[in-house]
Amino acid sequence: MIPFIEHPTFQLRVLIGLLCVLFLHSFSHPSALASDSFSQSDLEFFERKIRPLLAESCYECHSHRSTKLKAGLLLDSPKGIRAGGESGDIIDLEDPSQSLLLEAVRYQNPDLQMPPKTRLSAQKVQDLETWVSKGLPWPQEPEPQKDKVEETPFDLDGRRAAHWVWEPPIRQSVPKVSDNPWVRESIDAFLLRRMEENGVLPALPADRRTLLRRTRFILTGLPPSPSEVDAFLADGKPGAFERVVDRMLGSVEFGERWGRHWLDLVRYAESMGHEFDYTIPSAWRYRDYVIRAYNQDVPFDQFALEHIAGDLLKQPRMRPDTGTNESIIGTGFYWLGQQVHSPVDIRMNQLDVLDNQIDVLSKAFQGLTVTCARCHDHKFDAISTRDFYSIFGVMKSSRYQQTSLLPRDRLVNALGDLEDLQAKAHAVIERSGLLPVSSNSSVSSIKNDQTIQVLGDASGDGFKEWFFDDEALMHDPMVRPGNLVHRSGENRTVLAARTAIDSAKWSVHLQGSLRSPTFAIPHRYLHVLSAGKKSRVNVVVDNFNLIRAPIYGGLKKNLDSDTSKWMTFDLDMWQGHQAYVEIKDTLHSDLSGGGVHGPDAWFSVETVVASSDTKPPAMARSTWQLDRESIPKPLHDILDAYHARAAVIDVAPVALSMTEGDGVDTSIFIRGDPKRHGEPVVRRFLQALGAKDDIPEGSGRLALAKRVASSDNPLTARVYVNRVWHHVFGRGIVPSVDDFGVLGQAPSHPELLDWLAVWFMQDAQWSTKRLIRTLVLSSAFRMDSKAQSPEMDDRDAGNVWMHKSRLRRLEGESIRDTILKVSGQLDVRSYGPSEKIHLTSFMTGRGRPSKSGPLDGGRRRSIYVEVRRNFLSPFLTTFDTPIPYTTFGRRSQSNVPAQSLILMNDPFVLQQAASWADLIMTYEGSVASKLTLMYETALGRLPLMVEIERGAAFIAGQQMAYRSHESSEEVAKKRAWADLCHVLFNVKEFIYLH
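Residues numbered from 1 in each chain as written. Predicted model: local features only at pLDDT ≥ 70, side-chain atom pairs only at ≥ 80, totals over all residues. Heavy atoms only, no water.

What follows concerns the packing of aromatic side chains. What describes a pair of aromatic rings is the distance from one ring centre to the other and the angle between the planes of the rings. Following the criterion strictly, the structure yields 38 aromatic pairs and no others. When the centroid spacing of 6.0 Å and the interplanar angle of 15° are considered together, the rings of Tyr289 and Phe303 count as stacked. Residue Tyr289 is found in helix 12 (residues 283-295), and its partner Phe303 is found in helix 13 (residues 300-309); the two are separated by 14 residues along the sequence. By relative accessible area, which is 0% here, Tyr289 ends up buried. On the basis of relative accessibility, which here comes to 3%, the residue Phe303 falls in the buried class. Note on Trp755 and Trp759: the rings are 6.0 Å apart at their centroids and 15° apart in plane angle, and the pair reads as stacked. You can see Trp755 and its partner Trp759 sitting in helix 21 (residues 750-762), 4 residues apart, about one turn around the helix. Given a relative accessible area of 6%, Trp755 falls into the buried group. Judged by relative accessible area, which is 9%, Trp759 ranks as buried. One aromatic cluster is present, built from ring pairs that chain together Trp262, Tyr286, Tyr289, Tyr294, Phe300, Phe303, Phe333, Tyr334, Phe365, Tyr720, Phe760 and Trp766. Geometry around Phe232 places Arg208 over its ring, the cationic atom sitting 4.4 Å from the centre. The ring centre of Tyr864 lies 4.4 Å from the NZ or CZ of Arg860, which sits over that ring. (Phe/Tyr/Trp six-rings, centres within 6.5 Å; stacked < 30°, edge-to-face > 60°. Helix = DSSP H or I, 4+ residues; strand = E, 2+ residues; numbered from the N terminus. Buried < 20%, exposed > 50% of the residue type's maximum accessible area, 1.4 Å probe, protein only. Lys NZ or Arg CZ within 6 Å of the ring centre and 35° of its normal.)

As a further point, take the side chain of Ser736. Its location among the elements puts Ser736 in the loop between helix 20 (716-729) and helix 21. If we ignore the near neighbours within four places in the chain, the residues touching Ser736 are Gln40, Gly744, Gln745 and Arg890. (Contact = heavy atoms within 4.5 Å.)

The next thing to look at is helix 13. With 8 of 10 residues buried, helix 13 lies mostly within the body of the structure. As for helix 13, its buried residues are in contact with helix 11 (252-265), helix 12, helix 14 (346-366), helix 19 (701-708), helix 20 and helix 21.

Once that is clear, we can look at the pairing of strand 10 (residues 525-541). Counting buried residues in strand 10 gives 15 out of 17 residues, a clear majority hidden from the surface. Note that strand 10 and strand 11 (residues 556-570) share 12 bridges and pair antiparallel. Paired with Asn538 across the two strands is Lys556, which belongs to strand 11. Direction of pairing for strand 10 relative to strand 12 (residues 578-585): antiparallel, over a ladder of 6 bridges. The residue of strand 12 that forms the bridge with Arg536 is Lys584. (Pairing = 2+ DSSP bridges.)

Side chains of a nonpolar character, in soluble globular proteins, are inclined to be buried together. Core analysis: the largest hydrophobic core is formed by 221 residues, its most contacted members being Trp262, Tyr286, Leu526, Trp725, Phe760 and Phe875. Element by element, the count of residues in this core is highest for helix 14, at 9 residues. Setting aside its immediate chain neighbours within four residues, Trp262 contacts Tyr286, Val290, Tyr294, Phe300, Phe303, His307, Ala364, Phe365 and Tyr720. (Core = buried A, V, L, I, M, F, W, Y, C linked by side-chain atoms within 4.5 Å.)

This is the structure:
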C-alpha cells in the first residue's frame, strides 16, 4: 500500500491548496482599508457602544471637562488614550487583551478597579475588549478643549444644510461627450464625461463568452450552460444580448439571486441565536415573499410600504396564484433579529430589540445610522436623540403576530350562512321558552378601586378598547347564552353558556388573538376568567415575546378546560412595567414557544382583572346550560347544520408579521438608560426629513412608511439605486452603501446618482428590473476587466472612474450553487420550507438541532438552506456570507487560506466532484471532448490545447496510480475523473468573475 502522504490524491490536494493560497494572497480587495483607517462598521460600533459608555462611566474623572482630572488620564480623545496616564500606557497595541484599561474594567487587580463605584456589566466589558482589539476606532474630530465646558447645541438646520443627502435629487442633464458611439445608455454619458475629465479611456468590450458568464452570475447567481453559450454565440441578429438579459430577468433564478441580496439587509435568519438558538417560526415564508417580489418586479416604493406597514394597507397586494395576502408578510422582517430568551433587565432588552429593528429599517431604506443617536445626539448627522426615541415609540406601539394570509373576504359566504343559522337557533330557543331574550349570564359585580382594576369584561364594554386580531376575532366574536359555538370533533357545535369573547364562535378552524391596550401593571396579581383548548394566555411585559422559563415562564398559561376557570398570574417582579395581555388561538407555535396550539384550538374569555389580592374577585354570575338531550329536534338540526358549515372552512396558512397596538409615546432615555427618563417625545420619523410632532394614527408606522416610500424623500431612491449599482458593477456610486451620512464615503459620480434616482422614480416607476436592465445593457457593463493600457490603470488606480470592469470573487452562495449545477446535482425547485442545515461534528453548542440536514443541502440552492444563527454554514461563512445581526449591504471579500482549504477538503466539494465525474463518464466521446465539455461547463470557455494535453495526461496518470493501488479499472477511472473535477473546482476562474 502506498503511504498516505505519497498517495496521488493527497499530493494533488496539497498542491491545490498551496496554489489556491498563493492565488488568494496575490489579490487584494480593491476597497481594502489602509492600516491606519477604520471601516464604517468599526466607527458605528464606537458611536453606538463605546462613546456612550465612556461618557457615562469615565468622563467625570477622565476628560477635558473634568473639574479634577484623576491619574492624569484623558479618555475623551484617541490622543489622550494613547498617551496614557500616571500609571503609564493603558493600551497594549501588540497584545490588546493585556491592556491596562481592560485589566481595570475586568476587576482583575484589587488595586485597580474602574469605575471604582459600580462595576461595568459583562456586555460593556466585552464591548471595550472588542473596541481595543479593533485598534481603538474613533472618527476624526477636533481635539477637546480644556476650557470648553458646555456641549455644542445640536444644530439640526445647520447639519441638514451642510450635507448633500438631505437635499432632494435633481434630474440632471445627460452630459455631452466626444465618443458618442460608446454611449448606449444615459449612464454611459455620465461615466464617460468623468473619464474624459481625468484622461481615462474605457476598456474595450468583453468577448461574448465573458459577457454572458458575467451577466448570468450577476442576474441569476449561476453560470451559463454550454448550450446557452452556444446559442448566444450563434445569435448574430441585432438585440441578441438584450434577449438574453430579458430571459434572465424573467427567470425564477433572478429572484433567488437578488432576493439573497435583500436578505443581507434584513439580517435574515431562521433562529434567534444566543443561548438556545430558538427557531423563528415560519421565517421561510418571508424569504419566499422576497423572492416572489423580485420575480414579480414589485415597485420598490410598494415593497417599502409592505415592509414597514404592510399590515395596515387598506388594499394589500394579493398573490395571484393563491389569493393570499403578500403585503403583510413584508412586516416579518422586524422579527428576524437576534433575541435573548431570559434577559435579566427586561427594559434594556426591549431597548436592544427595538434598537435593532430601527437600525435595520433606517440602514436598509435610508442608508442612515439612526441608532447612533440612542444615547446622545448623532455626532455628525442631522439625527437627534429625539428622532431615535420618536421612532422607538412607533416600534414600541407595534406588536408581534402570526397572521392568517387568506383574504378577509374569503369568509363572506360562510359567515352569512352561519349568521342565518345563529338567528334560527335563537328563534327556536326563544319560542321554546328555554332562554329569555334579555338573559345575561355573566354580569359582573366588580367595582374598580385602589385594590382592583377591571381590564376587560365581556358582559359590558370592557373589551371595547382591546385589539381583535385575525380571522377568529375580526367578525363579532361575542357570544351570549344560547349562541352557537363550533368546537372540534364530531357534532361538537354547542350552545354558549355565558357571555364571552369566543375565538370559535364561527369556526374552530379560524385563528386569532385578543390583546389588551398597553397598561402600567397596577397590582401584583392578574386574574383571567376563561376557557379553551390548545390556546394560551400571555402577559407581554415591555414587549417581551419570548415567554420562557426560568425567569418569564410564569407569564404564560395554557388553556385546557371546556368550562370557564380563573387563572392567576403573579406579576410582583414587574409591577410598574408596561404590559399587555394577549389570549392566543394559533395554528402554529410562535416566539413565545412552548405554548399549546393547533388547528382546532379555541378560547373563551369573560373577564380580566388586576388585583392586589391573590384570590380572584367574587362575581355575581348566572350560568345557563342546556343538555343536548333536552334540546328540541329543530335545534338539533340547526346545531348539526352549523357544525357541517363551520367544519369545512379551511385553516389559513400563517406568517410572522407586525400588527398594531395602541399608540404609546415614550421619553428620551438619558444616556440610553431606560430607567432614567428625560423629556417626552411624540411618535414620528426624522425631523430632517420633514416629520413634525403631530399625533399619528395608531402606532404611527403607516405614516412612517408613507414618508419612507414617498418620491419626496431624498434618500429612499438614492439609497436603493446605489445598492443595485453596487451589485451590478461591484462598487456603489456611494461605496459605503449602508451609510450615506457624514461618516460615509462621498459619491464618485453625484450627478449620475441624482439622475438615476429621479429616473428610477419617474421613468422606471420604481421598477427594479427596468433599473437592472438599463445598467446591464450599458457599454460600461460590457467592458473588459483589462484596461486599454497600463497607463489607464495608473490614472485610475482604484477604478473609481470605472474605466474597466471590476474583477470580483463570487459570493459563497454562488460558489456552492455553481458546484451543484456543474456536477448536475442542482435541484431547481423553488420556494417552500428550508432544508435543514448539515451539522458537522465541530458544530456544537446549546440549541444544536437534534437532526442534521443532508451534506448537499437537499441539492437545493443556498437560499433554501436553513440559516441558524448558532449553526451557520461553515462553507458560506468562509466565503464571507455575513453573520446576520444587522444590515450588510456590502459584503467583505476576504482572501484567507481557509477558502483554499475548504475547496480542497470540504466533504461537500469532494462529494460533488465525484457526482460530476459520474456524469462526465456517461458521455460518449474522447477524453479531449469530455475535457472540452468540462471547461465550458465550469469556466464558460474552451480549454487551450495545452490544457487538454495536461488534462489527458493527468487522467492517465491518476488511473495508473489507482490501478497500482489494487483498484478495479472502473473504480480507478472514476477516481481519476473525480480528481480532475476537483481540480477544476479549485481553479481561480471557477470562483472569480471578470
